[in-house]
Amino acid sequence: MYRSFFSRVLGLATIAMLQCGFAAAGEAQTVAATEAAASLAPGGRLRAAINLGNGVLAQRDPASGELTGVSVVLANELAAQLGVPLDLVTYLSAGMVFDAVERGEWDIAFLAIEPERAEKVRFSQPYVYIDGTYLVRTDSAFADIADLDRDGVSIAVGSGAAYDLYLTRNLQRASLLRLPTSAQAIAAFKAGDADAAGGVRQALVDAAREHPAQANQAFTIAIGEGVIKHQGQAVVVGRLQDFGHGQPQGRRQLFPHPTTEFSKVKALLALVQLQL
């Protein structure tokens with residue numbers, strides 16, 4: 001469903017470097033596997049938050065219930081590198097993942113890098129770019145994305161999702177209708193409760209192709225360039241001070257085993273590519 005999206009993946013080699021522990025700078029040191037495991041998974045098991053609200057990165061097979069996707073691959077690889085068992089903790093939205101920080105429900109998550117989240121989590125360098133845009137009715141007056149930011153326009157979004165946070169910062173005149181999940185935001189828009197829905201382009205494209213809520217309605221993606229969100233791995237503040245996105249050069253890297261063979265890098269790339 002989402003394979004074409006990954007023409008936008010930010011260097012699969014970056015994923016391999018993050019997961020296999022290669023330092024960004026030659027003099028950077030590497031945290032020992034036991035030290036990293038003790039800090040990142042103090043309970044002896046790595047709990048990885050999986051956001052099923054972003055079908056680009058994680059999916060659940062409706063028949064078997066098996067979890068698949070890039071986030072699942074990365075979580076499994078990190079647990080293997082740390083030498084600890086893995087527990088996949090699922091959520092219906094990114095907002096629910098972030099809310100769970102206060103309850104201590106996970107050790108690592110996969111979230112869009114947003115300034116509002118930086119008070120509670122630290123991010124890795126981005127491993128993928130995700131394209132966001134709007135879903136509108138084909139007969140609407142919105143000829144371009146810029147036309148949506150006007151008085152009286154309502155845009156449905158998943159509460160706490162990256163696009164909720166981005167639009168909250170950037171919209172000047174339009175208002176947001178926040179729903180618990182992005183899927184519910186799309187449904188509310190289709191039901192006529194909002195003028196547009198904002199979110200991940202791939203999910204909105206799929207929604208436009210689905211049978212509309214009413215037979216006389218049709219939906220399309222708004223014309224214009226959307227917003228590109230950087231997706232990173234997140235850990236709770238205080239767990240690993242040297243994990244943060246944009247940390248000073250020379251600080252120690254999170255992941256162990258700096259001598260991992262190039263063949264292991266290629267193997268990880270192959271695993272990730274199977275999910276694309």
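Residues numbered from 1 in each chain as written. Predicted model: local features only at pLDDT ≥ 70, side-chain atom pairs only at ≥ 80, totals over all residues. Heavy atoms only, no water.

Brief notes about the packing of aromatic side chains
Aromatic rings in a pair are described by how distant their centres are and how their planes are angled relative to each other.
Consideration 1: Here the structure, examined in full by the defined rule, presents one aromatic pair.
Consideration 2: Measuring from centroid to centroid gives 5.4 Å for Phe189 and Phe219, while their planes differ by 65°, and the two rings are edge-to-face. On the criterion of sequence distance, the pair formed by Phe189 in helix α6 (residues 182-190) and Phe219 in strand β11 (residues 219-221) is long-range, its members being 30 residues apart.
Consideration 3: The class of Phe189 is buried, set by a relative accessible area of 0%. (Phe/Tyr/Trp six-rings, centres within 6.5 Å; stacked < 30°, edge-to-face > 60°. Helix = DSSP H or I, 4+ residues; strand = E, 2+ residues; numbered from the N terminus. Buried < 20%, exposed > 50% of the residue type's maximum accessible area, 1.4 Å probe, protein only.)

Let's talk about the side chain of Thr133
Consideration 1: If you trace the backbone, Thr133 turns up in strand β7 (residues 128-137).
Consideration 2: Classification of Thr133 by relative accessible area gives buried; the value is 4%.
Consideration 3: Beyond its immediate chain neighbours, meaning those up to four positions away, Thr133 contacts Ile145, Ala197, Gly198, Gly199, Arg201, Leu204, Ile221 and Ala222. (Contact = heavy atoms within 4.5 Å.)

Concerning the environment of Glu102
Consideration 1: Along the chain, the position of Glu102 falls in the loop between α4 (94-99) and β5 (109-112).
Consideration 2: Note on Glu102: relative accessible area 57%, which makes it exposed.
Consideration 3: Separated by 18 residues in the primary sequence, Glu102 and Lys120 place their C-alpha atoms 8.7 Å from one another.
Consideration 4: Polar side-chain contacts of Glu102 include one of 2.8 Å to the side chain of Lys120. (Polar contact = N/O pair within 3.5 Å; in protein donor to acceptor, adjacent residues only side chain to side chain.)

Notes on the environment of Ala161
Consideration 1: Mapped onto the elements, Ala161 comes out in the loop between β8 (154-158) and α5 (162-170).
Consideration 2: In this structure Ala161 comes out as buried when scored by relative accessible area, which is 12%.
Consideration 3: A sequence separation of 49 residues divides Ala161 from Ala112, and the C-alpha atoms of the two residues are 8.4 Å apart.
Consideration 4: Apart from residues no more than four positions distant in its own chain, Ala161 is found in contact with Ala94, Gly95, Arg117 and Ser182.

Considerations on α5
Consideration 1: Within the span of α5, buried status applies to Ala162, Tyr163, Asp164, Leu165 and Leu167.
Consideration 2: Packing partners of the buried residues in α5 comprise β5, β7, β8, β9 (175-179), β10 (196-200) and β12 (227-236).

Looking at the pattern of salt bridges
Consideration 1: For the structure on display, the rule yields 10 salt bridges.
Consideration 2: The salt bridge involving Asp107 is made with Arg47; its shortest N-O contact spans 2.9 Å. Of the two residues, Asp107 sits in the loop between α4 and β5 while Arg47 sits in strand β1 (residues 46-51), which places them 60 residues apart along the sequence.
Consideration 3: Relative accessible area serves as the criterion here: at 25%, Arg47 is assigned to the partly exposed category.
Consideration 4: Several salt bridges converge on common partners, so that one network encompasses Glu114, Glu116, Arg169 and Lys229. (Salt bridge = Lys/Arg side-chain N within 4 Å of Asp/Glu carboxyl O.)

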